[in-house]
Amino acid sequence: MLEERARRERLLAQAAGAASACRRCEIGAQRRNNVYGEGNPCAEVMVIGEGPGETEDLLGRPFVGRAGQLLEKMLAAVSLAREDVYICNTVKCRPTLPGPRGPKNRAPEPAEMANCRPYLDEQIDIIRPRVILALGAPAAKSFLGREFQITKMRGQWYEGPLGIPLLATFHPAYVLRQTGGELTAVKRLVWSDLKAVRTKLDEAPAEAPPEQASLF
Ligand code: URA
């Protein structure tokens, strides 16, 4: 297992190098750091968000701002530590809009997600998680199509890339924007979605059929 972990770490480091040289989108020239992703290269769960925000751009790490703190609490609620999972985004460069006090975060454009998709597919192929957790509508749509509606279609299992089960839930940044009764309601839905992830992980992993010779 240690060798396998080291092998995947090497592959991810190579792939991160290629992604950081990418200039397919304008945001590639504007960003401070390419936020490739981080976590356990042998993770059972891959968490995929939208795109890096200001803090992530500054530090070159995904989900390290307020949304990241909430994400860690959400994962801990189903006994998953940040170090257990692999965390990345649909785009590796921070999407921004000009603002009066400097660039503001924005959701990635479909074309930006399409440009970045080969890097994401490569990550999924290296890690081969048992489950993909997509955070928010843009990430879910990038896998499940533009018709995907987070309020109606979250919390259900879909077939993701490489046939990996994929479930979408609300983005932690969206949860942070809610107050009062809405906040309680959204937290309850996220909790039920995370329990579905836990249940899936607790199911026995699909095993390869035994070799013919070991049958007798
Ligand atoms: N929001 C995201 O979608 N990704 C991050 O890395 C941080 C905030």
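To be clear, the structure that these remarks concern was listed above.
The structure contained in this document is the topic of the report that follows.

Some remarks on the overall build of the chain
Now for step 1: Looking only at helices and strands, one finds nine helices and eight strands in the chain.
Now for step 2: Compactness check: the chain gives a C-alpha radius of gyration of 18 Å against a globular reference of 17 Å for 216 residues, within 12% of the reference.
Now for step 3: Along the three orthogonal principal directions, the C-alpha set of the chain runs to about 75 × 45 × 30 Å.
Now for step 4: Out of the 216 residues belonging to the chain, those deemed buried represent 43%.
Now for step 5: Long-range contacts, defined here as pairs at least 24 residues apart, represent 72% of the contacts in the chain between residues at least 6 apart.
Now for step 6: Accessible area for the chain stands at about 11,600 Å²; split by element, carbon and sulfur atoms hold 52% of it.
Now for step 7: Measuring between centres, the 30 positive side-chain charges of the chain sit 6 Å from its 26 negative side-chain charges.

Describing the environment of Y119
Now for step 1: Within the fold, Y119 resides in helix α5 (residues 110–127).
Now for step 2: Each C-alpha atom of the pair Y119 and V91 lies 8.7 Å from the other, and the pair is 28 residues apart in sequence.

Things to note about the site of the ligand
Now for step 1: In the vicinity of the ligand, the contacting residues are G49, E50, G51, E56, P62, F63, N89 and H171.
Now for step 2: In this structure, an oxygen atom belonging to the ligand sits 2.8 Å away from a side-chain N or O atom of H171.
Now for step 3: Contact with the protein chains hides 91% of the accessible area of the ligand, taken as 240 Å² for the molecule alone.
Now for step 4: Residue composition of the shell around the ligand, by class: two nonpolar, four polar and two charged.

What about the nonpolar core?
Now for step 1: Counting 52 residues, the largest nonpolar core has M46, V47, I48, L71, Y86 and I124 as its most contacted members.
Now for step 2: It is α5 that contributes the most residues to this core, seven residues altogether.

Remarks on α5
Now for step 1: In this model α5 runs 24 Å from its N-terminal to its C-terminal C-alpha over 18 residues, within 8% of the 26 Å that 1.5 Å per residue would give.
Now for step 2: Those residues of α5 not exposed but buried are E112, M113, C116, Y119, L120, Q123, I124, I126 and I127.
Now for step 3: Buried residues in α5 make contact with α1 (2–20), α2 (27–30), β2 (45–49), β3 (86–89), β6 (131–135) and α6 (137–144).
Now for step 4: Positioned one or two residues after α5, R128 has a phi angle of 45 degrees, which is positive.

Rules used throughout
For every chain, the first residue of the written sequence is number 1, and numbering continues from 1 onward in sequence order. Only residues with pLDDT of at least 70 are given local features in this predicted model, and only at 80 or more are side-chain atom pairs given and counted; all residues enter the totals for whole chains, interfaces and linings. Neither water nor hydrogens contribute to the side-chain values; these are computed over all heavy atoms in the structure. A run of H or I in DSSP counts as a helix once it spans at least four residues, and a run of E counts as a strand once it spans at least two, with each numbered from the N terminus. We compute the radius of gyration from the C-alpha atoms alone; for a globule the expected value is 2.2 Å times N to the 0.38, where N is the number of residues. Burial classification: accessible surface area is computed with a 1.4 Å probe over protein chains only, and a residue below 20% of its type maximum counts as buried, one above 50% as exposed, and the rest as partly exposed. What makes two residues a contact is simply this: any of their non-hydrogen atoms within 4.5 Å. Shrake-Rupley sampling with a 1.4 Å probe provides the accessible areas, and residues are treated as covered by the protein chains on show and by no other component. Asp and Glu are treated as the negative residues and Lys and Arg as the positive ones, with His and the ends of the chain left uncounted. For the purpose of locating charges, the reference atoms are NZ of Lys, CZ of Arg, CG of Asp and CD of Glu. Only a single heavy atom is needed: when it lies within 4 Å of a molecule or strand, its residue is near that molecule or strand. Pairing of N or O atoms within 3.5 Å defines a polar contact, subject to two protein rules: one partner must be a possible hydrogen donor and the other a possible acceptor, and residues neighboring in sequence count only if both atoms are side-chain atoms. Nonpolar residues are Ala, Val, Leu, Ile, Met, Phe, Trp, Tyr, Cys and Pro. Charged residues are Asp, Glu, Lys and Arg, and all others, Gly as well, are polar. Buried Ala, Val, Leu, Ile, Met, Phe, Trp, Tyr and Cys residues form a nonpolar core when they are joined through side-chain atoms within 4.5 Å. One less than the number of residues in a helix, times 1.5 Å, gives the span that helix is expected to have.

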